[in-house]
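# Secondary and tertiary structure notes
These are the residues of each chain, in order.
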Amino acid sequence: MANGQWFPQDWPERIRALADGTLTPVVPKRAATVMLLKDTDAGPVVHMLRRRASMAFAGGAYAYPGGGVDRRDDDHQIRWAGPTRAWWAQRLGVGEAEAQAVVCAAVRETYEEAGVLLAGPTPDSVVGDTTGADWEADREALVARDLSFAEFLERRGLVLRSDLLGAWTRWITPEFESRRYDTWFFVAALPAGQRTRNASTEADRTVWIRPEDAASSYDKGELLMMPPTIATLRQLTPYDTAAAALTAAPDRDLTAVLARAHLVDDEIVLSWPGHDEFTKHIPTGGATA
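Residues numbered from 1 in each chain as written. Predicted model: local features only at pLDDT ≥ 70, side-chain atom pairs only at ≥ 80, totals over all residues. Heavy atoms only, no water.

## What about the overall build of the chain?
- For the chain, the count of helices and strands is eight helices and 14 strands.
- Taking 289 residues into account, the globule formula puts the C-alpha radius of gyration at 19 Å, and the chain, at 19 Å, falls close to it.
- If you line up the chain on its principal axes, its C-alpha atoms span 60 × 45 × 35 Å.
- Taking all contacts inside the chain whose residues are at least 6 apart in sequence as the whole, residues at least 24 apart take part in 70%.
- For the chain, the accessible surface area stands at approximately 12600 Å², while carbon and sulfur atoms represent 48% of it.
- If you average the places of the 31 positive and of the 41 negative side-chain charges in the chain, the two averages end up 2 Å apart. (Helix = DSSP H or I, 4+ residues; strand = E, 2+ residues; numbered from the N terminus. Rg over C-alpha atoms; globule rule 2.2 N^0.38 Å. Contact = heavy atoms within 4.5 Å. Areas by Shrake-Rupley, 256 points an atom, 1.4 Å probe, with all protein chains shown as cover. Lys, Arg positive; Asp, Glu negative; His and termini not counted. Charge placed at Lys NZ, Arg CZ, Asp CG, Glu CD.)

## Section: the sheet that holds strand β5 (residues 80-81)
- Read from one edge to the other, the open sheet built from three strands follows the order β5-β7-β6, with strand pairing classed as mixed. Each edge of the sheet is formed by a strand with only one pairing partner; in this case those strands are β5 and β6 (119-120).
- As defined by bridge partners, β6 adjoins strand β7 (residues 159-161) across two bridges and the pair is classed as antiparallel. Within β7, the position partnered with A119 by the bridge is L160. (Pairing = 2+ DSSP bridges.)

## Brief notes about the side chain of D73
- With respect to the helices and strands, the residue D73 is situated in the loop between β4 (66-68) and β5.
- At a separation of 3.2 Å, a polar atom in the side chain of D73 contacts the main-chain amide nitrogen of F149.
- The residues contacting D73, other than those within four sequence positions of it, are Q100, A101, C104, R108, S148, F149 and A150. (Polar contact = N/O pair within 3.5 Å; in protein donor to acceptor, adjacent residues only side chain to side chain.)

## Comments concerning helix α5 (residues 149-156)
- When α5 is considered as a whole, its buried residues turn out to be F149, A150, F152 and L153. With its buried residues spanning 160° around the axis, α5 presents them on a single face. Within α5, the exposed residues directed more than 90 degrees away from the buried face are E154 and R155.
- Those residues of α5 that are buried lie in contact with α3 (96-114), β6, α4 (133-143) and β7. (Buried < 20%, exposed > 50% of the residue type's maximum accessible area, 1.4 Å probe, protein only. Arc of directions from axis to C-beta.)

## As for unusual backbone geometry
- Its identity is not glycine, yet R145 carries a phi of approximately 60°, on the positive side.
- Locating R145 in the fold gives a position in the loop between α4 and α5.

## So, the pairing of strand β14 (residues 275-283)
- Of the pairings in the sheet, the one linking strand β13 (residues 267-272) to β14 comprises five bridges and is antiparallel in character. The residue of β14 that forms the bridge with I268 is I282.
- Adjacent in sequence and paired antiparallel, β13 and β14 are bridged by two residues, among which G274 carries a positive phi angle near 85°.

## What about the environment of F176?
- Along the chain, F176 falls in the loop between β8 (165-172) and β9 (181-189).
- Separated by 95 residues in the primary sequence, F176 and A81 place their C-alpha atoms 39 Å from one another.
- Those residues in contact with F176 that sit more than four places away from it in its chain are W11, R14, I15, L18, L23, A261 and L270.

## Section: the side chain of S148
- Along the chain, S148 falls in the loop between α4 and α5.
- Here S148 falls in the buried class, since its relative accessible area comes to 1%.

## Details of helix α2 (residues 85-92)
- Taken as a whole, α2 has its buried residues at R85, W88, A89, R91 and L92. End-on view of α2: buried residues confined to an arc of 165°, all on one side of the axis.
- On its buried side, α2 packs onto β5, α3, β8 and β9.
- Directly beyond the C-terminal end of α2, a positive phi value near 75° is found at G93.

## Points about the pattern of salt bridges
- Under the defined criterion, the tally for this structure stands at 21 salt bridges.
- Close ionic contact of R156 with D134 constitutes a salt bridge, the shortest N to O distance being 3.6 Å. Placement of the pair is R156 in helix α5 and D134 in helix α4, with a sequence separation of 22 residues.
- With its nearest N and O atoms 3.0 Å apart, the salt bridge here joins R156 to D138. Highlighted residues: R156 in helix α5 and D138 in helix α4, separated in sequence by 18 residues.
- Put simply, R30, R71, E98, R170 and D182 are held in one network by salt bridges that share partners. (Salt bridge = Lys/Arg side-chain N within 4 Å of Asp/Glu carboxyl O.)

## Here we look at the pairing of strand β1 (residues 29-38)
- Counted residue by residue, β1 has seven buried out of ten residues, so it is predominantly covered.
- Pairing of β1 with β9, which is carried by nine bridges, proceeds in the parallel orientation. When the sheet's bridge partners are listed, T33 is paired in β9 with F185.
- When β1 meets β4, the two strands line up antiparallel, connected through three bridges. The residue of β4 that forms the bridge with A32 is G67.
- As defined by bridge partners, β1 adjoins strand β2 (residues 45-51) across two bridges and the pair is classed as antiparallel. When the bridges of β2 are listed, K38 appears paired with V45.

If you want it as structure tokens, here you go:
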């Protein structure tokens, strides 16, 4: 492998099955993931976790905190700060209730997997340390889905700080994958007074790393990543501060990136529109290049 691109061994077979009509695409689940940033003397760093090798999806790959949308988070009028639900609906290209659920998923997953909570008792504040036993009990209830995030915010009397998030990009898992997600990537800055920790049962390592260093390690084949992860890392490298990345977010194109596979002569060509570096040429015999 010349770089660290995650490429499942069953993809060629599934691509051929999709092409000949024997594979029906799975409907993607909506999801959100957050590129959590903090400033250092050497520039901004991003919080990443390494998925356990035993994970069925992208085991061993580096990623950001993220997960699926909880439908229970679209039927509560939660306390909300920042751009309105209507603004987020237009930005994300969904209805207002769905927009709330997607933003909730982004904030919830950051709390579940990194212990960082983008919410506060007032529209212009955030909570401090969230490592106490009572906070941990609520976090575990969220992970177990015994508690919805809307219910958690209501119980705690908290306001969701949507103004601390910036929608960055959107990727949809290829049609030939067995597990598919329609994922919005967000950027956020680590709130003052909070700190990250490896709170995820799905990760065996977490790290703060400069985007350019992570990208370099991927290029050398030292860090394994999925295409959306390395693509977003490269997109973050021009920004000197976390605030600069957040400021740039509202102007970014959220047209979904979806991999395409088509047959050319005696090989399958797998490509991601706008991201030529991920193109794969797969001979009909199954080897990859």
